[in-house]
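In case you want the letters, here they are:
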Amino acid sequence: MLDQLKSYDAIIIGAGFSGLYQLHSLRDQLGLDTLVLEAGSDLGGTWFWNRYPGARCDSESHSYCYMFSEEIYKEWEWSERYPGPTEIRSYLNFVSKKLDLRKNIKFNTSVEKAHFIEDANQWEITTANGLVCRSTYLITAIGCISSANIPNIPGLEEFTGDWYHTGKWPHENVSFKDKRVGQIGTGSTGIQAAPVIAETAGHLHVFQRTPNYSVPARNAPLTKDFKEYVRDNYEEIKDLVQSTPNGHPFRISTSKVFDSNEDERNKVYEDAWEKGGLQFRATYQDLTTDKKANDTAADFLKSKIKSVVRDKKTAEALSEIDYPYAGKRPPIDTNYFETFNKENVSLVDVKKESILKITKDGIQTNQRHIPLDIIVFATGFDAITGKFFEMDIRGRNGVKLTDVWREGPKTYLGLQTPGFPNLFTITGPGSPSVLCNMPPCIEQHVEWISQCLEYMRANHIDTCEADESAATEWVKHVNEAAEATLLVTVPHSWYLGANVEGKPRVFMPYAGGMNRYRALCDDVVKKQYVGFKMKSKSNVINAVTPNKNQTFDVTNQIKTPGI
Ligand code: NAP
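These figures come from a predicted structure and were not determined experimentally.

With respect to the overall build of the chain
In terms of regular secondary structure, the chain is built from 17 helices and 21 strands. Over its C-alpha trace the chain gives a radius of gyration of 24 Å, about what one expects of a compact globule, namely 24 Å for 563 residues. When the 563 residues of the chain are sorted by exposure, 60% land in the buried category. When contacts within the chain are restricted to residue pairs at least 6 apart in sequence, long-range pairs at least 24 apart make up 72% of them. For the chain, the computed accessible surface area is about 22600 Å², with 47% contributed by carbon and sulfur atoms. When the 65 positive and 72 negative side-chain charges of the chain are each reduced to one mean point, those points stand 2 Å apart.

In structure tokens, the structure reads:
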């Protein structure tokens, strides 16, 4: 209770990639008294919680890291093409040690309430373990896919076996040896988990509601040459990830699908398949915007599934995909389709054999009872807004964030919500976030927020708050950017909130590309924080209302969206 009502300059919620860098930036670069509150017992964010079998990042390791410090970048050496949770946690520990971050982090401290106290011009934070403290600035660094979604299937409470959600995986080893396992969900997570669970399970039933495209990840240890390339080309790699629409270390081709004939195209797809990874979607510039162009990639990937999976019925169920490739987040895998050739693995096509209920010892479908010892929910997240809604966040006049976002999140640049002064959201809704490689998005937001706070302090500004009309224009633009892509044609995508009952169907991330988004944010700064109301005491210092053409003028063409 020593900290009762202690005031800080800044409080950051979350100690993952975002929170750690924001802490360093505010504490060490701006000299602010900063505290990080973290619900977990250690740092890592997403990677603290996601320890499910087969978990591995889909971004390549040399780009899935901080780039703000050349020294840190060069000192750390990744071991594999894609980093796993243990290596990512080691990396974050290394950074944390180097920058001495732990001393300003309170673990096991879950934020329950954050209320803006108008008279004091401060945020008051209350945590589940009884801490109450205040800060001038409040920064959420809570991640986008951190609120587990457990579907409301009747009977779960009756189940006498063990069950787990992949996003809240136990820290101790879970043994599947000789167990009858049911895995529900075949998104990026389920596609990673199934092959590993199948290695030891007695039998694995994979419950698939919507089939998914997947490209082999082709993970492998990094060669000595590649490690040297990474060490010697820091500037070049940094420039690359910061200038592409999706923050990955590869360029999206400038060619269009029908610039090539069928043979040329198949060669391009075959090479990308062999190379593996998310680079497949970068093979042509119009894959994510033109359905006919997309069909060529979709057909190629479906034919691959059929060529791998021996049982015709299973191959059919896995490849009957009725939405465009990369219309949902495209998974990458290690032996996912091959897994269905194993004797101990079977697919349950939930579209034809629906789940009726969970029983005390299995899952009852409309055709049979499947006895199970373990159920694994790889059923995703209440993404982007879910974690915000787990907290009671109230802005001016006690207005609740849940009410302001009831019809869908309303932000300006994904950074601020009108009515919530000095509350900044790292990779918040309306920013590129999940459509990109996360660390470059995080760095851009952290640096923008720090620069904004520096400006406020230099100019004796007490509050920064998104202007209502700027947020309205921005939400319109976020929709416009999504409409220019095939992403909005997939009705069951979590980008639209469609995976959570009762959630409004609104496209949440910004699909206009990270490079364009970065330019917009820089432009806003150049124009004296146009669209943000900057107030000192009760005087408005700057309330430049954006004019659509002026503010969003670099967004006129969405040709290579950030996905
Ligand atoms: P997800 O993409 O939302 O997939 C959830 C799966 O569960 C879907 O197959 C969904 O089917 C199914 N499902 C949900 N409710 C169900 C129900 N009641 N009955 C049957 N099936 C149900 O979640 P995720 O796989 O955890 O991935 C979420 C995101 O996390 C990814 O898109 C990615 O951005 C990120 N991620 C990243 C990595 C990485 O970098 N390595 C790894 C994993 C995840 P429907 O499709 O029919 O809804």
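Some details on the pattern of salt bridges
According to the stated counting rule, one finds 32 salt bridges in the structure shown. Salt-bridge contacts for Glu 274 lead to Arg 218; the nearest nitrogen and oxygen are separated by 3.8 Å. Here Arg 218 lies in the loop between strand E10 (215-216) and helix H6 (224-232) and Glu 274 lies in helix H8 (residues 262-275), a separation of 56 residues in the sequence. In this structure Glu 274 comes out as partly exposed when scored by relative accessible area, which is 48%. Look at the salt bridges and you will find they share partners, linking Glu 71, Glu 75 and Lys 98 into a network.

Examining the nonpolar core
Among the nonpolar cores identified, the biggest contains 82 residues, and Phe 17, Tyr 66, Tyr 91, Tyr 412, Leu 413, Trp 448 and Leu 453 are the most heavily contacted of them. The leading source of residues in this core is helix H14 (residues 438-458), at eight residues. With residues up to four places along the chain from it excluded, the contact list for Tyr 66 reads Gly 16, Phe 17, Leu 20, Tyr 21, Tyr 73, Tyr 91, Leu 92, Val 95 and Glu 443. Judged by nonpolar contacts, the second largest core, of 47 residues, contains Tyr 164, Ile 197, Ala 315 and Leu 318.

Describing helix H9 (residues 291-308)
Spanning 18 residues, H9 covers 25 Å between terminal C-alpha atoms, matching the ideal 26 Å at 1.5 Å per step. Where the residues of H9 are buried, they touch E10, H8, helix H10 (312-319) and helix H11 (336-339). At the N-terminal end of H9, a side-chain oxygen is found 2.9 Å from the backbone nitrogen of Lys 292, two or three residues along, and the residue is Asp 290.

A closer look at the packing of aromatic side chains
Taken as a whole and judged by the stated rule, the model has 41 aromatic pairs. Note on Tyr 21 and Tyr 66: the rings are 5.9 Å apart at their centroids and 55° apart in plane angle, and the pair reads as tilted. Taken together, the residues span a long stretch of sequence, with Tyr 21 in helix H1 (residues 17-29) and Tyr 66 in the loop between helix H2 (46-49) and helix H3 (70-75) at a distance of 45 residues. With a centroid separation of 4.9 Å and 40° between ring planes, the pair formed by Trp 78 and Tyr 91 is classed as tilted. Here Tyr 91 lies in helix H4 (residues 85-98) and Trp 78 lies in the loop between H3 and H4, a separation of 13 residues in the sequence. Taken individually, Trp 78 and Tyr 91 each receive the classification buried, so the pair is uniform in this respect. One aromatic cluster in this structure is built from Phe 17, Tyr 21, Trp 47, Tyr 64, Tyr 66, Phe 68, Trp 76, Trp 78, Tyr 91 and Phe 94. The ring of Tyr 8 carries the charged tip of Lys 6 above its face, separated from the ring centre by 4.5 Å. A cation over an aromatic ring shows up here: Lys 328 above the ring of Tyr 323, its NZ or CZ 5.4 Å from the ring centre.

Here's the deal with the packing of H8 against H9
Where H8 meets H9, the closest approach of the two axes is 11 Å, and the angle between their N-to-C directions is 55°. Judged on the interaxial angle alone, H9 and H8 are oblique. Of the two possible hands of crossing, H8 and H9 adopt the one that is right-handed. When H8 is examined against H9, the residues Arg 265, Asn 266, Tyr 269, Glu 270 and Trp 273 are found in contact with a partner set consisting of Ala 293, Thr 296, Ala 297, Phe 300, Leu 301 and Lys 304. Looking at the contact of H8 with H9 residue by residue, the classes come out as six nonpolar, two polar and three charged.

Remarks on the site of the ligand
The immediate surroundings of the ligand are formed by 22 residues, with Arg 56, Thr 189, Arg 209, Thr 210 and Lys 328 found nearest. Ser 188 has a polar backbone atom sitting 3.1 Å from an oxygen atom of the ligand. Within the side chain of Trp 494, one N or O atom sits 3.1 Å away from an oxygen atom of the ligand. Per-element accounting of the shell around the ligand gives the leading share, three residues, to helix H5 (residues 188-200). Per-class residue counts for the shell around the ligand are eight nonpolar, nine polar and five charged.

Quick notes on the sheet that holds strand E14 (residues 362-365)
On the basis of which strands lie adjacent, the open sheet formed by three strands has the order E13-E14-E15 and antiparallel pairing. Each having just a single partner strand, strand E13 (355-359) and strand E15 (369-371) make up the two edges of the open sheet. Geometrically, the sheet is characterised by an average inter-axis angle of 20° between neighbouring strands, direction not taken into account. For E13 and E14, the ladder comprises four bridges, and the chain directions are antiparallel. Within the sheet, the bridge partner assigned to Ile 358 lies in E14 and is Ile 363.

Conventions and cut-offs
- Every chain begins its residue count from 1, and numbering advances along the sequence as written.
- Whole-chain, interface and lining totals are the exception, using all residues; otherwise, since this is a predicted model, local features are given only for residues with pLDDT of at least 70 and side-chain atom pairs are given and counted only at 80 or more.
- Excluding hydrogens and water, the side-chain values take into account all heavy atoms of the structure.
- Helix and strand definitions follow DSSP, with helices as H or I runs of at least four residues and strands as E runs of at least two, each counted in order from the N terminus.
- Our radius of gyration looks at C-alpha atoms and nothing else; its globule reference is 2.2 Å times the residue count to the power 0.38.
- Burial classification: accessible surface area is computed with a 1.4 Å probe over protein chains only, and a residue below 20% of its type maximum counts as buried, one above 50% as exposed, and the rest as partly exposed.
- Only heavy atoms enter the contact rule, under which two residues are in contact if any of them lie within 4.5 Å.
- Each accessible area value is a Shrake-Rupley result obtained with a 1.4 Å probe; residue values ignore everything except the protein chains displayed when judging cover.
- The charged-residue count follows a simple rule in which Lys and Arg add positive charge and Asp and Glu add negative charge, with His and chain termini not counted at all.
- One atom stands in for each charge, and that atom is NZ of Lys, CZ of Arg, CG of Asp or CD of Glu.
- Any carboxyl oxygen of Asp or Glu that lies within 4 Å of a side-chain nitrogen of Lys or Arg is treated as forming a salt bridge with it.
- Residues belong to one nonpolar core when they are buried, are Ala, Val, Leu, Ile, Met, Phe, Trp, Tyr or Cys, and are joined through side-chain atoms within 4.5 Å.
- One less than the residue count of a helix, multiplied by 1.5 Å, gives the span that helix is expected to have.
- By the criterion applied in these results, polar contacts are pairs of N or O atoms within 3.5 Å in which, for protein atoms, one can donate a hydrogen and the other can accept it, and in which residues neighboring in sequence qualify only through two side-chain atoms.
- Put simply, two rings from Phe, Tyr or Trp (the six-membered ring, in Trp's case) pair if the centres are within 6.5 Å, and we call them stacked under 30 degrees between planes, edge-to-face over 60, tilted for the rest.
- Whether a charge sits over a ring comes down to the Lys NZ or Arg CZ being within 6 Å of the ring centre and within 35 degrees of the ring normal.
- To get an axis, fit a line to the C-alpha atoms, keeping to the stretch in contact for a helix; angles then go from 0 to 180 degrees between the N-to-C directions.
- An angle counts as roughly parallel when it lies under 35 degrees, as roughly antiparallel when it exceeds 145, as roughly perpendicular when it falls between 65 and 115, and as oblique in every other case.
- Helix crossings fall into two classes, left-handed where the near helix is turned counterclockwise from the far one by less than a right angle and right-handed where it is turned clockwise.
- Each residue gets one label: Ala, Val, Leu, Ile, Met, Phe, Trp, Tyr, Cys and Pro are nonpolar, Asp, Glu, Lys and Arg are charged, and the others, such as Gly, are polar.
- Here a residue is considered near a molecule or strand provided that any single heavy atom belonging to it is located within 4 Å of it.
- Any two strands are treated as partners once DSSP identifies two or more bridges connecting them.

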